[in-house]
Amino acid sequence: MGSDEDQDRDPLVEALVRDVDMSLIRRNLKMTPQQRVEQLMEMQRFAAELREAGRKVRGKG
Amino acid sequence: MTDYRKALEVLRGGGVRFIVIGGVAATAHGSSQLTNDLDVVYAREPDDIARLAAALAPYHPYLRGVPAGLPFKLDATTIKNGLNFTLDTDFGPLDLLGEATGGGTYAALLPATVTLDLFGGPCLCVDLATLIRLKRAAGRPKDILALGELEAILRASASGD
């Protein structure tokens, strides 16, 4: 089942679809759902490290 | 950070009937967007509520963003008297939804689910077309922005891309 036709015609959604990086989508679709969730947890860890690094830099400033 | 493995193990191990929606469902379907909490629609029969309260109790569920020390306890009575709860737990942020905007209750969403094998067991997850519908119904800026990627995944999956 696809999304409804109204959505397919939604110009905002169509504009957003055009900007999607399909290489990332294809990469993700090759993974299992569990691998995708594990990747999400890795992204969270990385984001947390970046936030902490930013805090340290601001603390030194 | 959310330990999704632990969260799913706790809910599943406690016999909770739930459906994963939101950003984690988007991830499971192939989204590359970062999300920080687990959104689930839970069944609200009395036995379900009792199992949910018992399963979460050891993980110190508390209202997210609320000052510490308030007399909040996520027990069966609280869940029965409430509906949707945004929580912090020992395994991370958890949103419990008795009803999802645009999707309704657990029973209403059940026909629109797929069973995924996640962290050693089956896990009901809302299907992609319905997830798109839920995002549209939620209508927050972040939901609208997610629509483009989800729609692209739906089309790529349908075309075998």
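Residues numbered from 1 in each chain as written. Chains lettered and ligands numbered in written order. Predicted model: local features only at pLDDT ≥ 70, side-chain atom pairs only at ≥ 80, totals over all residues. Heavy atoms only, no water.

### A closer look at the nonpolar core
Residue and element names in this part refer to chain B.
Then step 1. Judged by nonpolar contacts, the single largest core of 61 residues is most densely connected at Val-20, Ile-21, Leu-38, Leu-56 and Leu-96.
Then step 2. For this core, the leading source of residues is helix H7 (residues 141–159), giving seven residues.
Then step 3. The residues contacting Val-20, other than those within four sequence positions of it, are Leu-8, Ala-25, Leu-38, Asp-39, Val-40, Cys-123, Leu-124, Cys-125 and Val-126. (Core = buried A, V, L, I, M, F, W, Y, C linked by side-chain atoms within 4.5 Å. Buried < 20%, exposed > 50% of the residue type's maximum accessible area, 1.4 Å probe, protein only. Helix = DSSP H or I, 4+ residues; strand = E, 2+ residues; numbered from the N terminus. Contact = heavy atoms within 4.5 Å.)

### Things to note about the packing of aromatic side chains
Residue and element names in this part refer to chain B.
Then step 1. Tallied over the entire structure, the rule returns two aromatic pairs over all chains.
Then step 2. Taking 5.6 Å as the distance between ring centres and 55° as the angle between the ring planes, the aromatic pair formed by Tyr-59 and Phe-91 counts as tilted. With Tyr-59 in the loop between helix H3 (46–56) and strand S3 (62–63) and Phe-91 in the loop between strand S4 (85–89) and strand S5 (92–97), this residue pair connects regions lying 32 residues apart in the sequence.
Then step 3. Given the relative accessible area of 3%, Phe-91 is considered buried.
Then step 4. Each ring, one from Tyr-62 and one from Phe-72, has its centre 6.0 Å from the other, and the planes form 85°; the classification is edge-to-face. Residue Tyr-62 is located in strand S3, and its partner Phe-72 is located in the loop between S3 and helix H4 (76–81); the two are separated by 10 residues in the primary sequence. Note on accessibility: Tyr-62 and Phe-72 belong to one class, buried. (Phe/Tyr/Trp six-rings, centres within 6.5 Å; stacked < 30°, edge-to-face > 60°.)

### Examining the environment of Pro-61 of chain B
Residues and elements named next belong to chain B.
Then step 1. Tracing the sequence through the fold places Pro-61 in the loop between H3 and S3.
Then step 2. Its relative accessible area of 11% is what places Pro-61 among the buried residues.
Then step 3. Residues Pro-61 and Thr-89, 28 residues apart in the sequence, show an inter-C-alpha distance of 4.6 Å.
Then step 4. Non-local contacts of Pro-61, meaning those with residues more than four positions away in its chain, are made with Leu-56, Phe-72, Leu-74, Leu-87, Asp-88 and Thr-89.

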